[in-house]
Amino acid sequence: SQELEQSPQSLIVQEGKNLTINCTSSKTLYGLYWYKQKYGEGLIFLMMLQKGGEEKSHEKITAKLDEKKQQSSLHITASQPSHAGIYLCGADDGGSNYKLTFGKGTLLTVNP
Amino acid sequence: EAGVTQFPSHSVIEKGQTVTLRCDPISGHDNLYWYRRVMGKEIKFLLHFVKESKQDESGMPNNRFLAERTGGTYSTLKVQPAELEDSGVYFCASSQDLSPGFSYEQYFGPGTRLTVT
């Protein structure tokens with residue numbers, strides 16, 4: 001079965017700093033999903049990257065998919081306290097139902 | 001457009017009791033998924049519906065769990081009888097029609113936090 005490893009497990013940055021979170025898969029990546037979760041809340045969809053290598057940006061967040069490395073990265077530019085939360089990567093199995101496997105998450109703290 | 005909704009947000013029950021969780025997907029989404037996160041673990045897939053049909057229930061822990069999606073709209077997940085290890089957060093997600101070779105966004109609900117005492 002597919003496993004996703006996220007790094008780092010936690011991250012503390014000063015407001016305004018850039019940061020990167022990585023997600024490495026044990027198997028070929030098909031669809032790669034990034035979500036954000038605030039404590040006690042649901043998963044907020046951020047971006048989805050398709051197999052083949054892709055890069056997407058939304059506001060100050062950029063996600064990339066490196067098919068050869070079986071890895072995705074999430075980069076936040078000029079972080080703000082509103083970016084704080086748990087970032088989760090998920091990957092589908094490219095099968096018929098696209099069920100997701102998740103990493104354990106990266107806890108991001110942004111200090112003002 | 002309303003997102004995925006789940007009810008209740010939190011449920012506390014005693015071991016041996018029954019609990020039913022409900023999920024209302026985004027309107028028009030044929031695909032509905034149930035996931036679960038137990039303490040300290042990653043989110044795990046439970047099952048997948050396409051309209052009212054179960055496509056994949058390989059993640060269901062055991063036969064104490066029963067999921068239904070009558071009429072292909074909302075879904076329920078019943079746990080009977082509940083055990084202590086069933087505690088966790090149960091998430092529902094939905095996505096639009098699937099075409100082979102393309103992934104589609106899965107939108108998650110806020111989750112139901114189940115505590116079995």
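Here is what the cut-offs are and how they apply
- Residues numbered from 1 in each chain as written.
- Chains lettered and ligands numbered in written order.
- Predicted model: local features only at pLDDT ≥ 70, side-chain atom pairs only at ≥ 80, totals over all residues.
- Heavy atoms only, no water.
- Helix = DSSP H or I, 4+ residues; strand = E, 2+ residues; numbered from the N terminus.
- Rg over C-alpha atoms; globule rule 2.2 N^0.38 Å.
- Buried < 20%, exposed > 50% of the residue type's maximum accessible area, 1.4 Å probe, protein only.
- Areas by Shrake-Rupley, 256 points an atom, 1.4 Å probe, with all protein chains shown as cover.
- Lys, Arg positive; Asp, Glu negative; His and termini not counted.
- Charge placed at Lys NZ, Arg CZ, Asp CG, Glu CD.
- Pairing = 2+ DSSP bridges.
- Axes fitted to C-alpha atoms, helices over the stretch in contact; angles between N-to-C directions.

Enquirer: Before we move on, can you summarise the overall build of chain A with the specific residues and values?
Expert: In terms of helices and strands, chain A carries zero helices and eleven strands. When the helices and strands of chain A are read in sequence order from the N terminus, they spell out β-β-β-β-β-β-β-β-β-β-β. Relative to the compact-globule value of 13 Å for 112 residues, chain A shows a C-alpha radius of gyration of 13 Å, a close match. Over its C-alpha atoms, taken along the principal directions, chain A stretches across nearly 45 × 25 × 20 Å. Residues classed as buried in chain A amount to 45% of the 112 residues present. Summing over all exposed atoms, chain A offers an accessible surface of approximately 5,500 Å²; the carbon and sulfur share of this is 47%. Charge centroids of chain A, computed over 12 positive and 11 negative side chains, lie 3 Å from each other.

Enquirer: Got a sec to walk through the sheet that holds strand β8 (residues 75-79) of chain B? Specific residues and values, please.
Expert: Backbone hydrogen bonds are what pair the strands of a sheet, in a parallel or an antiparallel way. Residues and elements named next belong to chain B. Strand order in the open sheet formed by four strands is β1-β3-β8-β7, with antiparallel pairing between adjacent strands. Only two strands of the sheet have a single partner each, and these edge strands are β1 (5-7) and β7 (65-68). With direction set aside, neighbouring strand axes in the sheet form an average angle of 15°. Pairing of β1 with strand β3 (residues 19-24) involves three bridges; the strand directions are antiparallel. The partner of F7 across the bridge, within β3, is R22.

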